[in-house]
Amino acid sequence: MIHRQIARSFAPDWEAFTRSPLAARLVEEGRLLPWSEASLDAAFDGDAAAVILPDALDFISYPYEWTFGELRDAALLTLDVELAALEHGFSLKDASAYNVQLRGVRPVLIDHLSFERRETETPWPAYRQFCEHFLAPLALMAKRDVRCGLLLRSHPDGIPLDLAVDLLPGRTRLQLGLATHLHLHARAQRGHGDDGVAASRARLPVERLKALIGNLRSTVSGLQWEPAGTEWADYAELDHPSYGSAAPGAGTKAGLVEQMIGEGSGRTCWDLGANTGAYSRIAAAHGYRTLAFDVDPAAAERHYRSLAAEGRTDTTPFVMDVADPSPSLGWAERERSGLLERANADLILALALVHHLAIGRNVP
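Residues numbered from 1 in each chain as written. Predicted model: local features only at pLDDT ≥ 70, side-chain atom pairs only at ≥ 80, totals over all residues. Heavy atoms only, no water.

Here we come to the overall build of the protein chain. Secondary structure summary: the protein chain contains 14 helices and 11 strands in total. Relative to a compact globule of 364 residues, whose C-alpha radius of gyration would be 21 Å, the protein chain shows 22 Å and is just as compact. Counting only C-alpha atoms, the protein chain reaches 70 × 55 × 40 Å along its principal axes. Looking at the protein chain as a whole, 47% of its 364 residues are labelled buried. Carbon together with sulfur atoms contributes 52% to the accessible area of the protein chain, which is approximately 17,700 Å² in total. With 36 positive and 48 negative side-chain charges, the protein chain shows a separation of 6 Å between the mean positions of the two kinds. (Helix = DSSP H or I, 4+ residues; strand = E, 2+ residues; numbered from the N terminus. Rg over C-alpha atoms; globule rule 2.2 N^0.38 Å. Buried < 20%, exposed > 50% of the residue type's maximum accessible area, 1.4 Å probe, protein only. Areas by Shrake-Rupley, 256 points an atom, 1.4 Å probe, with all protein chains shown as cover. Lys, Arg positive; Asp, Glu negative; His and termini not counted. Charge placed at Lys NZ, Arg CZ, Asp CG, Glu CD.)

Below you can see the structure in the form of structure tokens.
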């Protein structure tokens, strides 16, 4: 069980948040992870004013493992929560992509201590962080190359805005949202450095702040990427003997997979090389919580969109190279755990995968 301690210095903000209608509303709408109060006996030290026990998640994932759509929906969730918070006199003090997790294909905010009472006319302190964690990678994925999302693996604090604007096509300077929130933002950042003096002196009435968040939301919503044209995204729809309902032997293979899954036991399935999820669905139908990994961002995105349209909570697609899975990262390699340190599987599907690793990736 994971406990979270509320320090005495933050107690007034925490009490105000928990007493406000905002907290119950966000939990009821599924946008904030539920939690329960725990005993102070579980506190880390004597500075605790309260201890909470957030609901457990079955798997922790990171933004550099998400599809384009997963990252964009996490960004929209963050902005929608900020707008709801402003209505109740609160604001998010940070907007890290790591504050969001996926329950199936539904994003949920997990950082209960991000909410603070908003002082009159103060700007959004998380604006820069949102742009670096969400807008910059999404813009690069949509406007340059979807694989730019992997830059988050080497930039855990978000993609620096100066780097993002250097990589973006020049035409994005003519697109109002990207010009304002990335290009001009990066220029202002260069001019003022990182001292935050200009930001601390700025004044932003709540209606203008809502307009800023609304414009950010329109900019994020307007970023589009069509997951098509790659070899693996179209693999399941080609007349290939491994996939496709019209392919010879497809029913036999699906039947064999279903039989073998039915003879197994457990709760968690990893589908390695899941493509667009044809066989992940069989595992999910047998009651497995299914994590579907594929190296092709277009295939994983198409899988995500099909699941999102159904509101599924039993399966989550991820973009990951099985030959180069997410490693442990950060200080002492403990800030972000590697894949095998975060979870394990009761059942693994590796259908038509091994020969690609052996031949395509020279894995012995």
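Having seen it, we continue.
Attention now moves to the pattern of salt bridges. A full pass over the atoms with the stated rule returns 17 salt bridges. One salt bridge connects Arg147 with Asp145, and the closest N-O pair in it is separated by 2.7 Å. Asp145 gets classed as partly exposed once you look at its relative accessible area, which sits at 25%. Here Asp321 makes a salt bridge to Arg361, at a shortest N to O gap of 2.4 Å. Taken together, the residues Asp321 in the loop between strand S10 (315-319) and helix H13 (339-342) and Arg361 in the segment after helix H14 (354-360) connect sequence positions 40 residues apart. Connected via shared salt-bridge partners are Arg25, Glu29, Arg31 and Glu87. (Salt bridge = Lys/Arg side-chain N within 4 Å of Asp/Glu carboxyl O.)

Under the definition given, this model contains 13 aromatic pairs. Arranged with centres 6.0 Å apart and planes meeting at 45 degrees, the rings of Trp14 and Phe17 form a pair that is tilted. Taken together, the residues Trp14 and Phe17, both in helix H1 (residues 11-19) and three residues apart, mark about one turn of the helix. A residue is classified by how much of its surface remains accessible, and Trp14, at 4% relative accessible area, is buried. Between Tyr62 and Tyr64, the ring centres sit 5.6 Å apart and the planes meet at 40 degrees, which makes this aromatic pair tilted. Classification of Tyr62 by relative accessible area gives buried; the value is 7%. Since its relative accessible area comes to 4%, Tyr64 is described here as buried. Each residue in the set Trp14, Phe17, Trp35, Phe90 and Phe115 is aromatic and connected to the rest through ring pairs, giving one cluster. If you follow Arg336 out to its NZ or CZ, it ends over the ring of Tyr62, 6.0 Å from the centre. (Phe/Tyr/Trp six-rings, centres within 6.5 Å; stacked < 30°, edge-to-face > 60°. Lys NZ or Arg CZ within 6 Å of the ring centre and 35° of its normal.)

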